[in-house]
Amino acid sequence: SIGIAANTKGGEDADELLRNADAAMYAAKSKGKARCELFAIDMHTTVLRRLELQNELQRAVRNQEFTIQYQPIMELKTGGIAKVEALVRWEHPSRGLVPPMDFIPAAEETGLIVDIGRFVLEQACSQVQQWQVQHQGGRALEVGVNVSARQLQDSALARDVAAALERSGLDPQNLTLEITESVLMEDVEATIDRLKELKALGVKLAIDDFGTGYSSLSYLQQFPVDVLKIDRTFVKVIDGTKEDSALVSAIVKLGHTFGLQLVAEGVETADQLAALTAMSCDRAQGYLFARPLWATEMGSFLARGDARRAAAG
């Protein structure tokens with residue numbers, strides 16, 4: 001990303017030109033990266049907002065303003081709850097709930113995502129271990145936790161995961177670390193080494209948003225992953241016809257060929273669910289089952305699942 005500032009008025013000194021070019025560079029990044037932008041006056045406002053957000057994020061980490069919602073992931077063969085995905089939320093003291101898309105990029109840029117990710121790991125592992133005791137009747141309940149690019153680059157990641165597992169008592173096999181396809185491809189050799197460190201702990205690894213990146217089949221063989229999560233953009237076009245299901249069906253078959261578990265994201269209709277079941281997709285999540293829930297709501301959701309199992313048994 002390149003930012004360009006021109007000495008148009010004749011009065012700008014070197015420091016001002018650099019500040020303006022820096023603002024233009026961040027504008028280029030915000031528009032998708034790998035591009036250049038010419039400085040405009042309104043970019044100063046954007047820079048000030050970015051600095052304010054970074055300061056607020058630092059305060060939020062200190063004051064523990066982050067919390068977690070959980071979205072259930074269903075086993076298609078049984079219709080039962082197999083897993084929950086932990087989703088971080090920021091409860092801002094004055095603005096209320098801040099959407100992840102509004103703060104995650106800034107957290108990545110500042111490196112604060114490492115502290116936030118450590119918090120999510122600790123809380124999610126502890127909460128799911130409690131739910132296993134309360135609701136699952138001896139059956140395993142898994143949890144998926146997202147890992148960002150900055151976290152994956154952090155040499156302490158495996159140590160943080162091990163500490164969260166030890167403190168919570170959660171079986172490593174019940175923790176899945178979810179990494180987006182594009183993040184995996186940023187530095188393939190270093191990524192494979194880090195994934196091997198994590199696999200040595202006994203946890204599972206998932207490629208999130210599969211199909212939206214640019215990984216090749218050779219890389220899919222190299223990455224020591226266990227799960228493919230099919231991106232919602234492919235799932236949403238399924239309407240029950242064979243043609244619209246063909247691509248997702250091919251991904252399911254590909255994943256099974258590699259011995260991977262397949263999870264469909266963004267399932268919203270009964271037709272999508274029926275098509276995914278017919279093509280032997282393993283699991284699914286989406287609004288058809290439940291929106292992301294607060295911990296107390298998720299506990300009630302699990303309790304209803306207990307009641308259904310008791311009635312069926």
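Residues numbered from 1 in each chain as written. Predicted model: local features only at pLDDT ≥ 70, side-chain atom pairs only at ≥ 80, totals over all residues. Heavy atoms only, no water.

## Section: a nonpolar patch on the surface
This is how the line gets drawn: Candidates for patches are residues over 30% relative accessible area with no salt bridge; among them, like charges are joined within 9 Å and nonpolar side chains (Val, Leu, Ile, Met, Phe, Trp, Tyr) within 5 Å. Here the open area of atoms and residues is found with the Shrake-Rupley method and a 1.4 Å probe, where only the protein chains shown may cover a residue. A side-chain nitrogen of Lys or Arg and a carboxyl oxygen of Asp or Glu constitute a salt bridge if their distance falls within 4 Å. Put simply, DSSP H or I for four residues or longer makes a helix, DSSP E for two residues or longer makes a strand, and each gets a number counted from the N terminus.
A contiguous nonpolar patch, built from Ile2, Ile4 and Leu38 and spanning about 280 Å² of accessible area, is present on the exposed surface. Structurally, Ile4 is set in strand 1 (residues 2-4).

## A closer look at the environment of Gln130
Relative to the helices and strands, Gln130 is located in helix 4 (residues 113-135). Along the chain, Gln130 and Phe223 lie 93 residues apart, while their C-alpha atoms are 31 Å from each other.

## Some points on the nonpolar core
What counts, and what does not: Here, nonpolar core means buried Ala, Val, Leu, Ile, Met, Phe, Trp, Tyr and Cys residues that are tied together by side-chain atoms lying within 4.5 Å of each other. Here's how the labels work: a residue is buried when its accessible area is under 20% of the maximum for its type, exposed when over 50%, partly exposed in between, all with a 1.4 Å probe on protein chains only. Only heavy atoms enter the contact rule, under which two residues are in contact if any of them lie within 4.5 Å.
Leu175, Leu177 and Leu276 are the most contacted members of the largest nonpolar core, which has 79 residues in total. Element by element, the count of residues in this core is highest for helix 4, at nine residues. Those residues in contact with Leu177, other than ones at most four positions away along the chain, are Leu121, Val145, Val147, Val161, Leu198, Val203, Lys204, Leu205 and Ala206. Of all hydrophobic cores here, the second largest spans six residues; its members include Ala23, Ala24, Met43 and Val47.

## Some remarks on the side chain of Lys204
Mapped onto the fold, Lys204 is located in strand 8 (residues 204-210). Looking at Lys204, the relative accessible area reads 17%, which means it is buried.

## Notes on the packing of helix 4 against helix 6 (residues 157-168)
Heads up, the rule is: For helices, the fitted axis covers only the stretch in contact; all axes are lines through C-alpha atoms, and the angles between them, taken along N-to-C directions, range from 0 to 180 degrees. By the definition adopted for this analysis, an angle is roughly parallel if under 35 degrees, roughly antiparallel if over 145, roughly perpendicular if from 65 to 115, and oblique otherwise. By the definition used in this description, the sense in which the near helix is turned from the far one sets the handedness, with an anticlockwise turn below a right angle giving left-handed and a clockwise turn giving right-handed. All residues other than Ala, Val, Leu, Ile, Met, Phe, Trp, Tyr, Cys, Pro, Asp, Glu, Lys and Arg, Gly among them, are scored as polar; the first ten of these are nonpolar and the last four charged.
Close contact between helix 4 and helix 6 brings their axes to 9 Å; oriented N to C, the two are set at 30 degrees. In terms of axis orientation, helix 4 runs roughly parallel to helix 6. The handedness of the crossing between helix 4 and helix 6 comes out as right-handed. Of helix 6, the residues touching helix 4 (which contributes Arg118, Leu121, Glu122, Cys125, Ser126 and Gln129) are Asp160, Val161, Ala163, Ala164, Leu165, Arg167 and Ser168. In terms of residue class, the contact of helix 4 with helix 6 is built from six nonpolar, three polar and four charged.

In short, geometric facts, not functional conclusions.
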